Amino acid sequence: MSAVAQRWGERAEAHLRALAKISAGGPGVTRLPYTAEHRAALVYLARMMTAAGLVPQLDAAATLIGRKGEGRTFYLGSHQDSVPNGGAYDGIAGVVLAILAVELLAQEGVELPFAVEVCAFADEEGVRFPTALVGSRALAGSNDMATLAPGEPMRAAMEAFGVNPEGIPALARDPAKAIGYLEAHIEQGPVLERAGEALGVVTAICGIERHQVRLRGETGHAGTLPMEGRQDALVGAAALVTEVNRLARSTPQLRGTVGALELAPNAVNAVPGEVRLTIELRSEDDALREQAGAALTRFAQATAKEMRLGLEMRRSYHQPAAPCDAKLRKVLAGAMRTTGGKGMELPSGATHDASAMADLCPIAMLFLRCKGGLSHRPEESATPGDLGQAVVAMAAFLRALPAA
Ligand code: HGY
Ligand code: MN
Ligand code: MN
């Protein structure tokens, strides 16, 4: 570990400790978009941006963007929002590391031959409102403005925050003037830690699809209703949950999760009459994921028919996989090797703002090892040494980029 990396890592850690205190309380960090915590975090980040020589501005999607230089632009950043009771690194570490990388280059007197913009995106998680990636989609020009129509709760929250969603379509950047986007993010998984690597180069960001399922049977008295002929909605749901797990376990590159399940009447002595559940599928391979979604839909239909249950099943969310740019991956791997890393490559099972920025320009992601691969929980952590290696690698990456 170089002394430079250690010093910048300790600075990054100090900023992340201070930002972690900007939270709505309770265990871990709760910093949801368009809240007092969001505003306080932007005040802190604006100060950091100014110290790094970036000029901070808040855009109509409530993304704080620090700009420096003229001409075509290279974008950096990540999201400022957290999940409820989340960790101190998911998202916000990518913003802090990007600002410090720009500051490091300034201290070394390096003038980049292109402009940089560091983005603190407002709402990547989509936990407060159903829509995710709002800020990054604004730069890529891919927002579904229906989700921001008058009367929509997210619109009211943005207006109360002091931004005007009507201005979002005008935020779309000209692809001809966008060189690329680099996002640093904790891995949120155990791969780098198991490999003993501090940093990794992301190959692709997985695609996602989510299905809402409702199974309807007949409730009844648990003691008097004979087992023969029961229409128990939970038995049907259990078969579907088991099939999601079986299919995902037996299909490389596929992850399948039933993350939410509710049953009614949910009483110890009543046969479940109705079950609602969600199915989420993720893969770097879109065709494979689509086939899995279709297979599970057929399985649900056959199971409902066999058990005489009603079935409603609809795909409620979908996001294609986003491959990372081969040229940027090469530059990033080279930059990592200057910090003693191997430039190890791995896919991202989580989605990120880079998924949306891929509609604007070539993308790259730098993964940072995190303890036990834990994330979306208070125990999430990364070391100052790894944070510092990321700052040095990002600065080396920017220096190695060909002139725009
Ligand atoms: O869901 C995700 O993958 C991300 O953490 N928002
Ligand atoms: Mn997250
Ligand atoms: Mn994240």
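Please read all numbers here as calculations on a predicted model, not as lab measurements.

> Go over the domain arrangement of the protein chain, please, and point to the residues and values.
Annotation of the protein chain at the domain level lists domain 1 (3–205 + 321–400) and domain 2 (207–319). Computed over C-alpha atoms only, the centres of domain 1 and domain 2 are separated by 35 Å. Counting from both sides, the interface comprises 10 residues of domain 1 and, opposite them, nine residues of domain 2. Together, Ala-321, Gly-349 and Thr-351 form the three largest contributors to the area buried by domain 1 at its contact with domain 2, with a combined 56%. Counting every contact that joins domain 1 to domain 2 gives three residue pairs in polar contact (both at pLDDT 80 or more). Each residue belonging to the side of domain 1 that touches domain 2 can be placed in one class, and the counts come to six nonpolar, three polar and one charged.

> Which residues make up the site of ligand 1, and what are the values?
Taken together, Glu-124, Glu-125, Arg-282, Ala-350, Thr-351 and His-376 are the residues near ligand 1. A distance of 2.9 Å separates an oxygen atom of ligand 1 from a polar atom in the backbone of Thr-351. Burial of ligand 1 by the protein amounts to 87% of the accessible area it has alone, namely 220 Å². Applying the majority rule of atoms within 2 Å of the grid points places ligand 1 in the largest pocket. Of the residues that constitute the shell around ligand 1, the class distribution is one nonpolar, two polar and three charged.

> Tell me what's going on with the coordination of the manganese ion (ligand 2), and back it up with residues and numbers.
The manganese ion (ligand 2) binds to the protein through Asp-90 (OD), Glu-125 (OE) and His-376 (NE2); the donor distances cover 2.0 to 2.2 Å. Counting the intervening residues between successive donors of the manganese ion (ligand 2) yields the motif D-x34-E-x250-H. Between the manganese ion (ligand 2) and the manganese ion (ligand 3), a spacing of 3.4 Å is present, and a bridge between the two is formed by Asp-90. On the criterion of sequence distance, the pair formed by Asp-90 in the loop between strand S3 (73–79) and helix H3 (92–107) and His-376 in the loop between strand S14 (363–368) and helix H11 (384–400) is long-range, its members being 286 residues apart. Judged by relative accessible area, His-376 falls into the partly exposed class, the value being 41%.

> I'd like a description of the coordination of the manganese ion (ligand 3), backed by residues and values.
Looking at the manganese ion (ligand 3), the protein donor atoms are His-79 (NE2), Asp-90 (OD) and His-185 (NE2), and they sit 2.1 to 2.2 Å from it. Sequence positions of the donors to the manganese ion (ligand 3) reduce to the motif H-x10-D-x94-H.

> Account for helix H5 (residues 153–161), with residues named and values stated.
Structurally, the α-helix is built with 3.6 residues per turn, so residues lying three or four positions apart point the same way. Where H5 is concerned, the buried positions are Met-154, Arg-155, Ala-157, Met-158 and Phe-161. Axial view of H5: buried residues confined to an arc of 160°, hence all on one face. Away from its buried face by more than 90 degrees, H5 exposes Pro-153 and Ala-160. On its buried side, H5 packs onto helix H2 (36–51), strand S1 (55–58) and helix H4 (134–140). Two residues or fewer past H5, Gly-162 is found with a positive phi of approximately 105°.

> Tell me about the pairing of S14, and name the residues and values.
Counting buried positions over the six residues of S14 gives six, a clear majority of the element. Side chains of S14 alternate between two faces, with Ile-363, Met-365 and Phe-367 and Ala-364, Leu-366 and Leu-368 buried alike. Pairing geometry for strand S5 (residues 178–186) and S14, over six bridges, is parallel. Directly across from Glu-183, in S14, lies its bridge partner Met-365. Where strand S6 (residues 199–205) lies against S14, three bridges are found, and the strand directions are antiparallel. When the sheet's bridge partners are listed, Gly-200 is paired in S14 with Phe-367.

> So, the environment of Leu-277: which residues are in play, and what are the values?
Along the polypeptide, Leu-277 turns up in strand S10 (residues 274–283). Between the C-alpha atoms of Leu-277 and Thr-131, which are 146 residues apart in sequence, the distance is 19 Å. Sequence-distant contacts of Leu-277, defined by excluding residues within four places in its chain, comprise His-211, Gln-212, Val-213, Ala-237, Leu-240, Val-241, Val-258, Ala-260 and Leu-261.

> Give a description of the packing of aromatic side chains that names residues and reports values.
Here the structure, examined in full by the defined rule, presents four aromatic pairs. Taken together, the aromatic side chains of Phe-74, Phe-114 and Phe-397 make up a single cluster linked through ring pairs. Its guanidinium or amino end placed over the ring of Phe-161, Arg-39 lies 4.2 Å from that ring's centre, counting from NZ or CZ.

> I'd like to hear about the pattern of salt bridges, residue by residue, with values.
Enumeration according to the criterion identifies 24 salt bridges in this entry. For Arg-11, the salt bridge is made with Glu-103, and the minimal N-O distance between the two is 3.3 Å. Of this pair, Arg-11 sits in helix H1 (residues 3–20) while Glu-103 sits in helix H3; the two residues are 92 residues apart in sequence, bridging distant segments of the chain. Note that Glu-117 is salt-bridged to Arg-67, the shortest N-O span being 2.7 Å. With Glu-117 in strand S4 (residues 115–121) and Arg-67 in strand S2 (residues 64–68), this residue pair connects regions lying 50 residues apart in the sequence. By relative accessible area, Glu-117 is classed as buried at 6%. Several salt bridges share partner residues, and in doing so they unite Glu-209, Asp-286, Arg-289, Glu-290 and Arg-315 into one network.

> Describe the pairing of S2, listing the residues and the values that go with them.
With four bridges joining them, S1 and S2 adopt antiparallel strand pairing. Within S2, the position partnered with Pro-56 by the bridge is Gly-66. Between S1 and S2, which follow one another and run antiparallel, lie five residues, and Ala-62 among them has a positive phi close to 70°. Pairing of S2 with S4 involves five bridges; the strand directions are antiparallel. The residue bridging Ile-65 from the neighbouring strand is Cys-119, located in S4.

What counts as what
Residues numbered from 1 in each chain as written. Chains lettered and ligands numbered in written order. Predicted model: local features only at pLDDT ≥ 70, side-chain atom pairs only at ≥ 80, totals over all residues. Heavy atoms only, no water. Domains from an automatic or database assignment. Contact = heavy atoms within 4.5 Å. Buried area = accessible area lost by both parts, 1.4 Å probe. Polar contact = N/O pair within 3.5 Å; in protein donor to acceptor, adjacent residues only side chain to side chain. Nonpolar A, V, L, I, M, F, W, Y, C, P; charged D, E, K, R; others polar. Near = heavy atom within 4 Å. Areas by Shrake-Rupley, 256 points an atom, 1.4 Å probe, with all protein chains shown as cover. 1 Å grid on protein atoms, 1.4 Å probe; cavity = no way out; pocket = protein on both sides within 12 Å on 5 of 7 lines; lining within 4 Å. Sits in = over half its atoms within 2 Å of the grid points. Donors = N, O, S within 2.8 Å, 3.2 Å for Na, K, Ca; no water. Helix = DSSP H or I, 4+ residues; strand = E, 2+ residues; numbered from the N terminus. Buried < 20%, exposed > 50% of the residue type's maximum accessible area, 1.4 Å probe, protein only. Arc of directions from axis to C-beta. Pairing = 2+ DSSP bridges. Phe/Tyr/Trp six-rings, centres within 6.5 Å; stacked < 30°, edge-to-face > 60°. Lys NZ or Arg CZ within 6 Å of the ring centre and 35° of its normal. Salt bridge = Lys/Arg side-chain N within 4 Å of Asp/Glu carboxyl O.

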